[in-house]
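This is what each chain is made of:
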Amino acid sequence: MKILLFGEYNRSHWNLKEGLKHLGHDVIVVGTKDGFKKVDVDIEIRDFFESYFLKKIRSLVLKVFNRDLHAESVKYQIQKHKKNLSGFDIVQFINEAPFDFNRGLQLELIKQLSHWNKNTFLISAGLDYPSVKFAYDKKFRYSILTPYFEKKGTKKDFSPALSYLTEEHITLHRYLFKNIKGVIASDLDYHLPLKNNTKYLGMVPHLIHTDILKFKPLDIKNKIVILHGINKRNYYKKGNDIFEKALEIIKKKYNHKIDILVVKNLPYKTYIQAFENAHILLDQVYAYDQGYNALEAMALGKVVFTGAESEWLDYYNIAEDTIAINALPDANNIASKLEWLILNPEKMIEISKNARAFIEKEHHYIKCSEQYLEKWTSRI
């Protein structure tokens, strides 16, 4: 089949492409490079207004003339590639709103791409209406909106998430869910809000390219290295403030036993390199399941503090703190689990091996690609 994967989030579509190619399909990935992460795509939709100066120009033109230069640029780029973006058996969108501009204009582009091709599908792999509404209605015990309810950060920090609850976005969402053949969730944080939706085809876990990410047994002869990766734009949504408090607690007791490495807004390839000497990764707090950074670190054999809630344990039938460490929104709890690992390094080695085995069993990019094919073909 000819398959167009439109948009990118971490490496969700790129790894799916690699799996589908292995299975004999013709696949291209089209989209931005996911901001500072600079991930791979086949056809890049460029944002020419990333610099401070050009952002100001864009903002001024939008305010004075009601014209969005970025939206016009994206529309032009897609039109320019019409021949390369037409005639596919399947188109899958990475998100309900893959671009950072007016939802009405994004809806026009989605309609256009759908018209050029046959069967359209959607991944729920990031912010979207079902997951944000579920969080806003407090149906999760905690969520990325918990810091918003707790008055952390600024209104601007949460505006990207809350934009999915506007009437403009809801119009786009309703069009998509009326016209797509189906939607697939990539982890439990998106599976739970979609469970009763008639278009829901079920969950396919994030795809991890285990051929590229080589397992390296943990070497704990000297100090334990703890890596704290920060995406400044999502500082509160990821619970970075809670991780920092936990690290302050643990430094007071075990500073002689640990090294703490903090990195901010690194491109994907540089971030992967930063994993190299780390034993523990502090990934995110407000999650029930693992996202890409956590899973790739687990594939490398790191001990990861991330979403590993009871729903995740039940879904995969595994025991607590044997594959990943559930990072609760509680600095003392996180510090206590860090202390447990520091005092029991043999547990870290055990968790490291279990994490790699889990990734190979549940997240292998070819096995998961086969699941996508099964779900697509069930609706076409």
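Everything discussed here concerns the structure shown above.
In this report, the structure presented in the accompanying data block is examined. None of the values given here were measured: they were computed from a predicted structure.

1. Remarks on the overall build of the protein
What the protein contains, in helices and strands, is 16 helices and twelve strands. What you see for the protein is a C-alpha radius of gyration of 21 Å, in line with the 21 Å of a compact globule of 380 residues. For the protein, the C-alpha atoms occupy an extent of roughly 60 × 50 × 35 Å along the three principal directions. By the burial criterion, 56% of the 380 residues in the protein qualify as buried.

2. Some details on the pattern of salt bridges
Summed over all chains, the structure comprises 18 salt bridges. Measuring nitrogen to oxygen at the nearest pair gives 2.8 Å for the salt bridge that ties Glu311 to Arg141. Of this pair, Glu311 sits in helix H13 (residues 310-316) while Arg141 sits in the loop between helix H5 (129-136) and helix H6 (146-149), placing them 170 residues apart in sequence. Classification of Glu311 as partly exposed rests on a relative accessible area of 24%.

3. Describing the sheet that holds strand S10 (residues 280-282)
To summarise the sheet geometry, strands pair through backbone hydrogen bonds and adopt either a parallel or an antiparallel arrangement. In spatial order, the strands read S9-S8-S10-S11-S12; together these five strands make up an open sheet with parallel pairing. The open sheet has two edge strands with one neighbour each: strand S9 (258-264) and strand S12 (325-326). As judged from the seven bridges shared by strand S8 (residues 224-230) and S9, these two strands associate in the parallel manner. Within S9, the position partnered with Leu227 by the bridge is Leu261. Against the sheet, helix H15 (residues 345-362) touches S8, S10, strand S11 (303-306) and S12, its axis set at about 80° to S11.

4. Notes on the nonpolar core
Within the largest apolar cluster, 83 residues are counted, with the highest numbers of intra-cluster contacts made by Ile78, Leu85, Met298, Trp312 and Trp376. Once residues lying within four places of it in the same chain are set aside, the contact partners of Trp376 are Ile3, Leu5, Leu16, Leu20, Ile90, Gln92, Phe121 and Ile184. Counting 39 residues, the second-largest nonpolar core is a separate cluster that includes Ala161, Val285, Ala331 and Ile351.

5. A few points about the packing of aromatic side chains
Enumeration over the complete set of coordinates arrives at 17 aromatic pairs. Taking 6.1 Å as the distance between ring centres and 65° as the angle between the ring planes, the aromatic pair formed by Trp312 and Tyr316 counts as edge-to-face. Highlighted residues: Trp312 and Tyr316, both in helix H13, separated by four residues, approximately one helical turn. Using a relative accessible area of 1% as the deciding quantity, one classes Trp312 as buried. Residue Tyr316 is classed as buried on the basis of its relative accessible area of 10%. Ring plane angle 75° and centroid distance 5.5 Å describe the contact between Trp312 and Phe358, whose orientation is recorded as edge-to-face. Here the residue Trp312 occupies a position in helix H13, and Phe358 occupies one in helix H15, the gap between them amounting to 46 residues. For the pair formed by Trp312 and Phe358, the shared burial category is buried. Among the aromatic residues, ring-to-ring pairing joins Phe134, Phe140, Tyr142, Tyr286 and Tyr288 into one connected group. One residue, Arg103, lies across the ring of Tyr164, its end atom 4.7 Å from the ring centre. The ring of Tyr175 carries Lys111 above its face, with NZ or CZ at 5.1 Å from the centroid.

6. Brief notes about a positive patch on the surface
A surface patch of like charges, here positive, comprises Lys55, Lys56, Lys156 and Arg233. With respect to the secondary-structure elements, Arg233 resides in the loop between S8 and helix H10 (240-254).

7. Remarks on helix H4 (residues 103-116)
Taking 1.5 Å per residue as the helical rise, H4 with its 14 residues ought to reach 20 Å, and the 20 Å between its terminal C-alpha atoms agrees with that figure. Buried positions along H4 lie against strand S1 (2-6), helix H3 (69-80), strand S4 (90-93), strand S5 (119-124) and helix H8 (167-179). Where H4 begins, one side-chain oxygen reaches toward the backbone nitrogen of Gly104, 2.7 Å away; that side chain belongs to Asn102.

8. Some details on the pairing of S1
Regular strands have side chains that alternate between both faces of the sheet. Counted residue by residue, S1 has four buried out of five residues, so it is predominantly covered. Across five bridges, S1 lies against strand S2 (residues 26-31) in parallel orientation. Within the sheet, the bridge partner assigned to Ile3 lies in S2 and is Val27. With four bridges joining them, S1 and S4 adopt parallel strand pairing. Paired with Leu4 across the bridge in S4 is Val91.

9. Let's talk about H10
The periodicity of an α-helix, 3.6 residues per turn, causes residues three or four places apart in sequence to face the same way. The end-to-end C-alpha separation of H10 is 20 Å, in line with the 21 Å expected for 15 residues at 1.5 Å each. On its buried side, H10 packs onto S8, S9, S10, S11 and helix H14 (331-343).

10. A closer look at empty space enclosed by the protein
Applying the stated rule across the entire model yields one cavity of 30 Å³ or more. One number sums up the size of the largest cavity: a volume of about 40 Å³. Every residue lining the largest cavity is listed: Ser12, Ile123, Ala125, Ser186, His206, Leu207, Tyr292 and Tyr372. Split into classes, the residues belonging to the lining of the largest cavity amount to five nonpolar, three polar and no charged.

11. What to know about the pairing of strand S6 (residues 182-185)
Side chains of S6 alternate between two faces, with Gly182 and Ile184 and Val183 and Ala185 buried alike. Pairing of S5 with S6 involves four bridges; the strand directions are parallel. Bridged to Phe121 within S6 is Gly182. Across two bridges, S6 lies against strand S7 (residues 200-203) in parallel orientation. Across the sheet, the residue bridging to Val183 is Tyr200, located in S7. Taken together, S6, helix H9 (residues 188-194) and S7 constitute a β-α-β crossover, and its handedness is right-handed.

About the thresholds
- Residues numbered from 1 in each chain as written.
- Predicted model: local features only at pLDDT ≥ 70, side-chain atom pairs only at ≥ 80, totals over all residues.
- Heavy atoms only, no water.
- Helix = DSSP H or I, 4+ residues; strand = E, 2+ residues; numbered from the N terminus.
- Rg over C-alpha atoms; globule rule 2.2 N^0.38 Å.
- Buried < 20%, exposed > 50% of the residue type's maximum accessible area, 1.4 Å probe, protein only.
- Salt bridge = Lys/Arg side-chain N within 4 Å of Asp/Glu carboxyl O.
- Pairing = 2+ DSSP bridges.
- Contact = heavy atoms within 4.5 Å.
- Axes fitted to C-alpha atoms, helices over the stretch in contact; angles between N-to-C directions.
- Core = buried A, V, L, I, M, F, W, Y, C linked by side-chain atoms within 4.5 Å.
- Phe/Tyr/Trp six-rings, centres within 6.5 Å; stacked < 30°, edge-to-face > 60°.
- Lys NZ or Arg CZ within 6 Å of the ring centre and 35° of its normal.
- Patch = residues over 30% accessible without salt bridge, like charges linked within 9 Å, V, L, I, M, F, W, Y side chains within 5 Å.
- Areas by Shrake-Rupley, 256 points an atom, 1.4 Å probe, with all protein chains shown as cover.
- Lys, Arg positive; Asp, Glu negative; His and termini not counted.
- Charge placed at Lys NZ, Arg CZ, Asp CG, Glu CD.
- Expected span 1.5 Å × (residues − 1).
- Polar contact = N/O pair within 3.5 Å; in protein donor to acceptor, adjacent residues only side chain to side chain.
- 1 Å grid on protein atoms, 1.4 Å probe; cavity = no way out; pocket = protein on both sides within 12 Å on 5 of 7 lines; lining within 4 Å.
- Points joined across faces, edges and corners; volume = space filled by probe spheres on them.
- Nonpolar A, V, L, I, M, F, W, Y, C, P; charged D, E, K, R; others polar.
- Right-handed = clockwise from strand over helix to strand, strands pointing away.

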